[in-house]
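# Residue-level structure breakdown
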Amino acid sequence: MMSFETANTTISLWDMFYLGNPHRHMYKDIKHLPHIYAQAWPYFLTMLVLENGLRLWQRKEILRLNDSITSISHAILQECAKLFYRGSEHCLYFWIYNNYKICELPWNSVAFWYFSAIAVDFCYYWMHRASHEIHIFWAQHQVHHSSEEFNVTVGIRQSVFQSLVGIVCYAPLALFVLPVLLLVHQQLSLLYQIWIHTETISTIGPLDYVLNTPAYHRVHHGSNLYCLDKNYGGVLIIWDRIFGTFQDFYPDKPITYGLVYQKNAFNPLSLQFFYNLNLYYKWNSMNGWKNKLRSVIKGPSWVPGLSWTGHDGRRASVSGRRKKYDVKISYALKSYLLVHFIAVVNGYFTLTTIPHSEINFTCKAISTFYVVWSLTSIGLMFEKSSWSKCFECSRCLTMFVHLIYLEPQSFLSALTVVVYQLLMGTSVVIWAVSCFVR
């Protein structure tokens, strides 16, 4: 299984816009490749603050806490999943390159570095298009479109299986592009796509014709009829212009974000997997094995007798959708959930910084389970679920007991353990009283 080792190279702000020095991202082999995407968190948080500032200046509402935490939770879930399958999504690529590569091109050539960037972006277009036009792939990718907002947090709102979708789409590059270059450009492409998830930037001038921009990506995230299945490009928008999937942005046409059939939830685990049930129900409703298979590999709107993706006439209109799903909770509860979310994020980063050789599978599985449990509980609290209080109480109690009996060789510092004990202990008392004293 492939893993990223600590490297001296750190990303710069320019890397968030794909403008960094290519010499800083040239690696001879996988062993020296850093986890570029994980290093970007400080810049992501900076963008988050700047976007809120711009929204205030433009007299727009600032980001909603519930939706933003849900989006970031999806990013954490995806990274937790990668702790177990990281590398498996590239096994086919490595196998093709090692056995069937046409030529071995230099890893330290600037010209080939940029050529690889364009080639990877071309394959990203087809991977992204397949994620919308193949139902089983859409069942995973829909997570990224499940927010009714459009901001930088949505840029990291990803499916835990999204990396596996691109296995076939990137495979042709293995005939001539080094695996390490594929991994570099996949990560830099993801960084670029974070900042284009914003409503605060309307144009980047003449570059609009070549690059994917916030305006074009707003169209892509729209669930209005004219927005569906448009603007698949990652960094470059030219692929959409060439292959007929480009849709310009019209300022006078309001865009409704989210899914056509919106799932009202803040529980990230539910949002990750609910659509797979829709896939199963559609499969079950079809007559004959051919139609059952087509219901999985053709577009989400396909029904017998229609083209691959169906057509707009059979798609529901969202023009009359009511206000966004937004359960009202007290400021005290919002503060509580924010504090616990920060604690979960800190625990997640502690887990990911431990070298693979120093953590066994059981410890990794238990830690990941607790992270998932915590993010799910926070989501349920935002929804004011009827059993969220007892769910949260049991989570805090479990963590409190674990911290009391935590082994001395724990990767958490003594001060961190004490802080977590106080946080969880206090929370247990609060929710125990809330659950059992009516």
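Thresholds applied
Residues numbered from 1 in each chain as written. Predicted model: local features only at pLDDT ≥ 70, side-chain atom pairs only at ≥ 80, totals over all residues. Heavy atoms only, no water. Helix = DSSP H or I, 4+ residues; strand = E, 2+ residues; numbered from the N terminus. Rg over C-alpha atoms; globule rule 2.2 N^0.38 Å. Buried < 20%, exposed > 50% of the residue type's maximum accessible area, 1.4 Å probe, protein only. Contact = heavy atoms within 4.5 Å. Areas by Shrake-Rupley, 256 points an atom, 1.4 Å probe, with all protein chains shown as cover. Lys, Arg positive; Asp, Glu negative; His and termini not counted. Charge placed at Lys NZ, Arg CZ, Asp CG, Glu CD. Core = buried A, V, L, I, M, F, W, Y, C linked by side-chain atoms within 4.5 Å. UniProt positions renumbered as here; feature names shortened; annotations may be inferred. Salt bridge = Lys/Arg side-chain N within 4 Å of Asp/Glu carboxyl O. Phe/Tyr/Trp six-rings, centres within 6.5 Å; stacked < 30°, edge-to-face > 60°. Expected span 1.5 Å × (residues − 1).

With that settled, consider the overall build of the protein chain. Along the backbone of the protein chain there are 17 helices and zero strands. Over its C-alpha trace the protein chain gives a radius of gyration of 23 Å, about what one expects of a compact globule, namely 22 Å for 438 residues. In terms of overall dimensions, the protein chain has a C-alpha envelope of 65 × 55 × 55 Å along the principal axes. Within the protein chain, the fraction of its 438 residues that count as buried is 52%. Taking as baseline every contact in the protein chain between residues at least 6 positions apart, the subset at least 24 positions apart corresponds to 76%. Of the accessible surface of the protein chain, which amounts to about 21100 Å², a share of 65% is contributed by carbon and sulfur atoms. With 35 positive and 25 negative side-chain charges, the protein chain shows a separation of 8 Å between the mean positions of the two kinds.

By size, the foremost hydrophobic cluster in this structure holds 87 residues, and its most contacted members are Ile76, Leu173, Leu191 and Ile194. Sorting elements by how many residues they give to this core places helix α9 (residues 179-195) first, with ten residues. Leaving out residues up to four positions away in the same chain, Ile194 has contacts with Met16, Tyr37, Phe44, Met47, Val152, Gly155 and Ile156. Within the second largest apolar cluster, seven residues are counted, among which are Phe150, Val219, Cys227 and Phe249.

All right, on to the UniProt feature "transmembrane region" (unreviewed entry) in the protein chain then. UniProt feature "transmembrane region" (unreviewed entry): in the numbering of this structure it lies at residues 110-127, 160-184, 331-351 and 411-437. Spanning residues 160-184, this segment combines 56% helix with 0% strand, and its end C-alpha atoms are found 20 Å apart. Between the C-alpha atoms that bound residues 331-351 the distance is 30 Å, and the span itself is 100% helix and 0% strand.

Right, let's get into the pattern of salt bridges. Oppositely charged side chains are able to pair whenever their charged atoms sit close together. Scanning all chains against the criterion turns up eleven salt bridges. Put simply, Arg129 and Glu133 hold a salt bridge, and the shortest N to O gap is 3.2 Å. Placement of both Arg129 and Glu133 in helix α5 (residues 110-133) is noted, with a separation of four residues, approximately one turn of the helix. By the burial criterion, Arg129 is buried, and Glu133 matches it. In this structure, Glu149 engages Lys324 in a salt bridge whose closest nitrogen and oxygen atoms are separated by 3.0 Å. Placement of the pair is Glu149 in the loop between α6 (135-141) and α7 (162-165) and Lys324 in the loop between α13 (289-297) and α14 (331-353), with a sequence separation of 175 residues. Among the residues examined, Lys324 registers a relative accessible area of 40% and is labelled partly exposed. It is possible to trace a salt-bridge network through shared partners that takes in Arg64, Glu149, Lys324, Asp326 and Lys328.

To continue, consider unusual backbone geometry. For Arg59, which is not glycine, the phi torsion reads 60° and is therefore positive. In this fold, Arg59 is placed in the loop between α2 (41-57) and α3 (65-85). Assessed through its relative accessible area of 80%, Arg59 is described here as exposed. In the Ramachandran plot, Asp229 falls in the positive-phi region, its phi being about 60° despite a non-glycine side chain. Along the chain, the position of Asp229 falls in the loop between α10 (214-221) and α11 (238-243).

In this structure the tally under the stated criterion is 33 aromatic pairs. Measuring from ring centre to ring centre gives 5.4 Å for Trp41 and Phe349, while their planes differ by 90°; the resulting arrangement is edge-to-face. Of this pair, Trp41 sits in helix α2 while Phe349 sits in helix α14; the two residues are 308 residues apart in sequence, bridging distant segments of the chain. Aromatic pair Phe369 and Trp373: ring centres 5.8 Å apart, planes at 50°, arrangement tilted. Residue Phe369 and its partner Trp373 are both found in helix α15 (residues 361-383); the two are separated by four residues, about one turn of the helix. Taking the relative accessible area as the measure of exposure, Trp373 reaches 16% and is therefore buried.

Moving on to α14. Here α14 spans 33 Å end to end across 23 residues, near enough to the 33 Å set by a 1.5 Å rise per residue. Three or more residues of α14 are buried, namely Leu333, Tyr336, Leu337, His340, Phe341, Ala343, Val344, Val345, Tyr348, Thr350 and Leu351. Buried-residue contacts for α14 involve α3, α15, α16 (388-404) and α17 (414-436).

This brings us to the environment of Met16. Position of Met16 among the secondary structure elements: in the segment before α1 (36-39). Assessed through its relative accessible area of 0%, Met16 is described here as buried. Once the C-alpha coordinates of Met16 and His128 are considered, the two residues, 112 residues apart in sequence, prove to be 20 Å apart. When neighbours within four sequence positions are excluded, Met16 is seen to be in contact with Ile11, Ala40, Tyr43, Met47, Leu191, Tyr192, Ile194 and Trp195.

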